[in-house]
Amino acid sequence: MTEYSNAPFDSLFFPLLEELESKHLRRSLRLLETPQGPSVSLAGKNLLNFSSNDYLGLATAPELLASFQDAAATYGVGSGASRLISGTLPPHAELETTLASFKKTEAALAFSCGYATALGTIPAIVQQNDVVILDKLSHACLVDGSRLSGASLRVFPHNDTEKLESHLRWAREKFPSARILVITESVFSMDGDLSPLKEIADIKDRYGAWLMVDEAHGIGVVGKEGRGLVDALDLGERVEIQMGTLGKALGSAGGYIAGSRTLIDWLINRCRSFIFSTSPPPASAAASTAALRLLQSPQGIARVRSLHENLAALSRLCPSRIPAPPPSAILPILLGKEETALAATAKLAEEGFFVPAVRFPTVPKNSARLRLTVTASHSHQHLADLAAALNRIL
Ligand SMILES: *Cc1c(COP(=O)(O)O)cnc(C)c1O
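Computed from a predicted model, the values in this text were never measured in an experiment.

The next point concerns unusual backbone geometry. Of note, the amide linkage connecting A324 to P325 takes the cis form, showing an omega dihedral of -15°. With a phi close to 60°, N366 is a non-glycine residue in the positive phi region. Checked against the element boundaries, N366 lands in the loop between β12 (357-358) and β13 (368-373). For N366, a relative accessible area of 52% translates into the label exposed.

Written as structure tokens, this is what we have:
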């Protein structure tokens, strides 16, 4: 024993948890006893579910389930090693070919989750002496990946392209030989709005910078076949790094990068979260491939269409709270104080609706909100019931 030591573990962290509780910021896990779907059982209570990112209902689609089961029967449950050792199985290769074709890029690389995708990819591309310029509302994994890279970090106010341009000007003057990477999302995860991607692409081209776009909430949602905002705006040739997750609208699990063959080959050689991690279960990869095929079929197109019909219907029912038409499947209702948002969630649960409250540090302090998500699987009655409850409670 040395003279000095850490405080006993629990005696330090227990009071910190109590402090979070007193500020209405403590979080805890609740058990969802049913699959993803429009109605769920949460901690023993049946609720209409407006919390899921399974926007197209693919998490329980028979086509995905069959592909998952076939791949598990053929290749087993786990993949046994990292991709570079012995963990590249046919479903991984097939997923990447399908992804590249869906994203209209030369190549694609699949990861175990979106978070790990960003955490490994950004530091593989920029380092110390380089510059990352990030939208203020970027997801935690984009922020963490940028920090991990050691590059100088500049943040521009949400969707503020003037400020983005002034950061670019600063970076080019101060670090003439640096690589500059601009990072944004296509659909913002807690606000549901879109980024002005065309304008951002124009600006970054003027300064010879690269652009990385996270389509976590764009894939499966934006564009007729859900190919995302980059494709909808025909910017594929100008976005060097396209990222997304396979775990939200695609109903499965994993993350991806799509881009040039050179980008993907570089990541295979330098992306630490890819190299030093066991490859995703082959069955998950097979389910993701099935999701991408389904999106390009009449059934997939119909699912994307009914998602947007549901969104438009809800905005007609709640015109003062929801924009018409909503740009994405994420509909935030800003309430401000943490306890106000928690109380609204509790009241809605009493009435049979699951609409989660989102608080600091996911969103800034005092901008707590209800984050409600609509899916293709909701019926018009579900939406009408929700609208009536929102209008009663808020
Ligand atoms: C959910 C999310 C991620 C992480 O993806 P996972 O596959 O869930 O790890 C990345 N970016 C954004 C914007 C997200 O919303």
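Moving on, we get to the sheet that holds β13. One open sheet holds the three strands; their spatial order is β10-β13-β12, and the pairing between them is antiparallel. Among the strands making up the open sheet, the edge pair consists of β10 (330-336) and β12. In this sheet, β13 lies alongside β12 in antiparallel orientation, the contact comprising two bridges. Bridge pairing in β13 links A357 to L370.

Before going further, it helps to examine the site of the ligand. Close contacts around the ligand come from 13 residues, with G114, D214, H217, T245 and K248 the closest. Between D214 and the ligand, the recorded distance is 2.5 Å, taken from a side-chain N or O atom to a nitrogen atom. The contact in question runs from an oxygen atom of the ligand to an N or O atom on the side chain of H217, over 2.6 Å. Considering the ligand on its own, with 380 Å² of exposed area, one finds that the protein chains cover 83% of that surface. Of the residues assigned to the shell around the ligand, the class counts are four nonpolar, six polar and three charged.

Running from N to C, helix α5 (residues 114-125) and helix α6 (residues 140-149) point in directions that differ by 30°, and their axes come no closer than 8 Å. Between α5 and α6, the interaxial angle falls into the category roughly parallel. Crossing handedness for the pair α5 and α6: right-handed. Where α5 approaches α6, its residues G114, Y115, A118, L119, I122 and P123 are matched on the opposing element by A140, C141, L142, D144, G145, S146, L148 and S149. Of the residues contributing to the contact of α5 with α6, the split by class is nine nonpolar, four polar and one charged.

Before going further, it helps to examine the nonpolar core. Counting residues in each nonpolar core, the largest one holds 74 residues, and the members touching the most others are L168, L314 and L372. Considering every element that reaches this core, the biggest residue donor is helix α12 (residues 282-295), with seven residues. Counting the residues that make up this core, at least three belong to each of domain 1 (28-55 + 298-393) and domain 2 (62-295). Beyond its immediate sequence surroundings of up to four residues, L372 is in contact with F50, L314, A329, I330, L331, I333, V355, L386 and L390. Within the second largest apolar cluster, 26 residues are counted, among which are A118, V143, A151 and I183.

All right, on to the pattern of salt bridges then. Here the structure, examined in full by the defined rule, presents 17 salt bridges. Between D202 and R238 there is a salt bridge, with the nearest N and O atoms lying 2.6 Å from each other. On the criterion of sequence distance, the pair formed by D202 in helix α8 (residues 197-206) and R238 in the loop between α9 (229-232) and β8 (241-245) is long-range, its members being 36 residues apart. Given a relative accessible area of 24%, R238 falls into the partly exposed group. Overlapping salt bridges bring together K198, D202, K204, D205, R238 and E240 as one network.

Here the focus is the packing of aromatic side chains. Any two aromatic rings considered together are summarised by their centre-to-centre distance and by the angle between their planes. By the definition in use, this model includes three aromatic pairs. Ring geometry for F9 versus F13: centroids 4.7 Å apart, planes at 45°, classification tilted. Residue F9 and its partner F13 are both found in helix α1 (residues 9-22); the two are separated by four residues, about one turn of the helix. Residue classification places F9 among the exposed positions, given a relative accessible area of 60%. The class of F13 is partly exposed, set by a relative accessible area of 36%.

For H378, the location among the structural elements is in the loop between β13 and α15 (380-393). Assessed through its relative accessible area of 5%, H378 is described here as buried. Among the polar contacts listed, one links the side chain of H378 to the backbone nitrogen of T375, at a separation of 3.0 Å. Beyond its immediate chain neighbours, meaning those up to four positions away, H378 contacts P38, N49, F50, N310, T373 and L383.

What the seven strands build is an open sheet, ordered β3-β9-β8-β7-β6-β4-β5; its pairing is mixed. The sheet is open, and its two borders are formed by β3 (107-111) and β5 (152-156), each paired with just one other strand. Shown here is a sheet whose adjacent strand axes are inclined to one another by a mean of 20°, direction ignored. Direction of pairing for β3 relative to strand β9 (residues 255-259): antiparallel, over a ladder of five bridges. By the bridge assignment for β9, L109 is matched with I257. In the packing of α6 onto the sheet, contacts are made with β4 (131-135), β5, β6 (180-185), β7 (210-214) and β8, and the angle to β4 comes to roughly 165°. Its contacts with the sheet place helix α7 (residues 161-174) against β4, β5 and β6, and it is angled at close to 160° to β5.

Conventions we followed
Residues numbered from 1 in each chain as written. Predicted model: local features only at pLDDT ≥ 70, side-chain atom pairs only at ≥ 80, totals over all residues. Heavy atoms only, no water. Helix = DSSP H or I, 4+ residues; strand = E, 2+ residues; numbered from the N terminus. Buried < 20%, exposed > 50% of the residue type's maximum accessible area, 1.4 Å probe, protein only. Pairing = 2+ DSSP bridges. Near = heavy atom within 4 Å. Polar contact = N/O pair within 3.5 Å; in protein donor to acceptor, adjacent residues only side chain to side chain. Areas by Shrake-Rupley, 256 points an atom, 1.4 Å probe, with all protein chains shown as cover. Nonpolar A, V, L, I, M, F, W, Y, C, P; charged D, E, K, R; others polar. Axes fitted to C-alpha atoms, helices over the stretch in contact; angles between N-to-C directions. Parallel < 35°, antiparallel > 145°, perpendicular 65-115°, else oblique. Left-handed = near helix turned anticlockwise from the far one by under 90°. Contact = heavy atoms within 4.5 Å. Core = buried A, V, L, I, M, F, W, Y, C linked by side-chain atoms within 4.5 Å. Domains from an automatic or database assignment. Salt bridge = Lys/Arg side-chain N within 4 Å of Asp/Glu carboxyl O. Phe/Tyr/Trp six-rings, centres within 6.5 Å; stacked < 30°, edge-to-face > 60°.

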